[in-house]
Amino acid sequence: MLLAVLSWGWIGAAAFLCGFAVLECIFTSKAKKERGLDLYVMTGLCALTVYAQFFSLFYKVGGASTGLLLIICLLIVCFLRKRLWEYFIRLMHGSKWYWPVFFLFLAFVILILTVQCTFHSDTDLYHAQSIRWIESLGVVKGLGNLHNRFAYNSAFFSLQALFSLEFLVNQSLHTMNGFIVFVMLCYAIGSLGIFKGERVKSSDLLKLCLVYYLCFFENRWQISSPGSDISALSMVLYISAKWCELSEKGSKDITEYGVLCLLAVWASALKLSASIIVLLAVYPAVCFLRERRWKQIALFLGGGVIILLPFLARNVIISGYLVYPFSAIDVFDVDWKMSAAMLRDDSMEITAWARGMTARENYDAPFSFWFPEWFRSLSVGYKVLFICNMACICYVLIYGIICFRRKKDTEKMQLLAVSTAGLIFWFVSAPLIRYGAVYLWVLPALLSGEFCARQKGTRLPQACAAVIVLAGVALLLKTTAFYGGIPWIRPVEYSYCDVNQEQLDGLIIYVPQSGDAAGYHFFPSTPYLWMLERIELRTGRLEDGFRLKEECRDLGQE
């Protein structure tokens, strides 16, 4: 646990300083009001993700990237020391004594979960090995040919590699998700308006959804794993809640909405299932155009491009395609390109599994076939929630027409429309609960909050919120008892898997003895022997990547 504490300290310091510097550049001197610590940290994590991805394009992410980042942080402290000091003085002034105590206890509980073994099956399948590649070589051409899951290329893996500190502690730490969960819960619980005697609002309900997602959902078992689900989907709730806060306060500072849109772009690079929330950018874009604020348009458009550019570049280098697994976007003619048939098969498999159609012959099953089976597989609670969402969509359509005619509540309507689009996109593309449960919660939370805000305040909502928060923390604490022990110095390492050694052009490649998971330690690896038989080294060197053999370039997965 000691190494995890030090890791969190380094992550938190670097994220806050980088986020502070970025927001100082975005907001003009006239608008330098104090913002929540959470926004500085999340903005910093976004900037650090971009930094790690850019670095991986040229070199491995390890000691050199950490040393350069340390220098950047020291420069930020030197140049912004006055503003930083003023911010911390204001942050400490008037804070209640019980909040720091509560957050310290919460940090201790989450740290216990963070340092445990990685339960997520996909971690041994490709999460850990993806991080190992970034730590060892950065980005490698045609890596998707060795393992198609590497082509998923979540930006989260680069961020985790930046803070794994493998070069320093002789072990790849997996502490990033735990840190993100801690920051999200501190924001969700600490900013609840219900606890301040205010009426229930949509933002409060979204924050409670965030507590539920991180404490009651299966994520509490995956905090120790470096998967991308937690970070990306919690960002959907976080951005929605922050957007609601701005709308409820009547904020007319379009720049604040623009920052949330940049975070939405980052969320889409973490996981494509979160990409629909980028549509929130329509509102600030229209406002900037109406006011002819060309400098802000260039600033945010450039920021979005900078966030996406290294992600897209890594996609092309790893798979030969701009976005994996969409073979329709095929604009690069490179020798390491993955087979288009492989992309189509992978895309179909993701959709089919999400619909509960595990048999390959049912991949193209019509709606009338898969929907009844999918709906039957849902728990009673999610069945009710799904039906409620259908009613919510009807309400949003009517409410949208009213808002359009009266030209009011633009910010709220934008969030409702994007949340509806996110729900539909999730349902059509891959309706597995793990992939997008948050989309089933946002619309009911938004509309319920609108209804509650019009009611007279009572003690009941405050009591219910307190019960949810305490029950969530208690459930996290109960989960720690399952592990039966706390590794006080070092986190538990990635699991070891049983593998066989195979040869590829004189290079040793590891293949699992059974199943498809090789884990972190046996590097490099591929999940199946048949994938190894279809590829070759591009130049005879590992760092120059892989390509399909000439006779296999037009073949699909058999």
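What counts and how
- Residues numbered from 1 in each chain as written.
- Predicted model: local features only at pLDDT ≥ 70, side-chain atom pairs only at ≥ 80, totals over all residues.
- Heavy atoms only, no water.
- 1 Å grid on protein atoms, 1.4 Å probe; cavity = no way out; pocket = protein on both sides within 12 Å on 5 of 7 lines; lining within 4 Å.
- Points joined across faces, edges and corners; volume = space filled by probe spheres on them.
- Helix = DSSP H or I, 4+ residues; strand = E, 2+ residues; numbered from the N terminus.
- Nonpolar A, V, L, I, M, F, W, Y, C, P; charged D, E, K, R; others polar.
- Pairing = 2+ DSSP bridges.
- Axes fitted to C-alpha atoms, helices over the stretch in contact; angles between N-to-C directions.
- Parallel < 35°, antiparallel > 145°, perpendicular 65-115°, else oblique.
- Left-handed = near helix turned anticlockwise from the far one by under 90°.
- Contact = heavy atoms within 4.5 Å.
- Expected span 1.5 Å × (residues − 1).
- Buried < 20%, exposed > 50% of the residue type's maximum accessible area, 1.4 Å probe, protein only.
- Lys, Arg positive; Asp, Glu negative; His and termini not counted.
- Salt bridge = Lys/Arg side-chain N within 4 Å of Asp/Glu carboxyl O.
- Polar contact = N/O pair within 3.5 Å; in protein donor to acceptor, adjacent residues only side chain to side chain.

Asker: Break down empty space enclosed by the protein for me, with residues and values.
Answerer: Evaluated as defined, the whole model comprises six cavities of 30 Å³ or more. In this structure, the largest cavity encloses a volume near 110 Å³. As for the largest cavity, its lining consists of Ser 202, Trp 243, Cys 244, Ser 247, Glu 248, Glu 411, Lys 412, Leu 415, Leu 416, Leu 446 and Glu 450. Looking at the lining of the largest cavity, the elements with two or more residues in it are α12 (229-248), α19 (410-429) and α20 (433-453). Looking at the lining of the largest cavity residue by residue, the classes come out as five nonpolar, two polar and four charged.

Asker: I'd like a rundown of the pairing of strand β2 (residues 507-512), residues and numbers included.
Answerer: Of the strand pairs in this sheet, strand β1 (residues 499-504) and β2 are connected by six bridges, and their pairing is antiparallel. Paired with Val 499 across the two strands is Pro 512, which belongs to β2. Taken together, β1 and the strand that follows it, β2, pair antiparallel across an intervening segment of two residues, in which Asp 505 is found at a positive phi of about 50°.

Asker: How would you summarise the layout of surface pockets if you had to cite specific residues and measurements?
Answerer: Counted as a void, the second largest pocket has a volume near 1,300 Å³. Tyr 126, Tyr 152, Lys 271, Ile 350 and Tyr 435 are the residues nearest the centre of the second largest pocket, which is lined by 50 residues in total. Counting residues per element, the ones that place at least two in the lining of the second largest pocket are α6 (121-136), α13 (254-270), α15 (294-319), α16 (340-354), α19, α20 and α22 (529-533). The residue makeup of the lining of the second largest pocket, split by class, is 27 nonpolar, 15 polar and eight charged.

Asker: Break down the packing of α12 against α20 for me, with residues and values.
Answerer: Running from N to C, α12 and α20 cross one another at 15°; their axes reach a closest spacing of 9 Å. Considered as vectors, α12 and α20 are oriented roughly parallel to each other. Handedness of the α12/α20 crossing: right-handed. Side by side, α12 and α20 meet where Asp 229, Leu 233, Val 236, Leu 237, Ser 240 and Cys 244 of the first sit next to Arg 434, Tyr 435, Gly 436, Val 438, Tyr 439, Trp 441, Val 442 and Leu 446 of the second. Partitioning the contact of α12 with α20 into residue classes produces ten nonpolar, two polar and two charged.

Asker: Tell me about α12, and please be specific about residues and values.
Answerer: With 20 residues, α12 ought to run about 28 Å at 1.5 Å a step, and its terminal C-alpha atoms sit 29 Å apart, in line with that. With 19 of 20 residues buried, α12 is to be regarded as a mostly interior element. Backbone geometry just downstream of α12 places Gly 250 in the positive-phi region, at approximately 70°.

Asker: Outline the side chain of Asp 346, listing residues and values.
Answerer: As for its placement among the helices and strands, Asp 346 is situated in helix α16. Although Asp 346 is buried, it forms no salt bridge, and the closest oppositely charged side chain is Arg 149 at an N-O distance of 4.8 Å. Within the structure, the side chain of Asp 346 is placed 2.7 Å from the side chain of Tyr 324, a separation counted as a polar contact. With near-sequence residues (within four places) excluded, Asp 346 lies in contact with Asn 148, Tyr 152, Tyr 324 and Pro 325.

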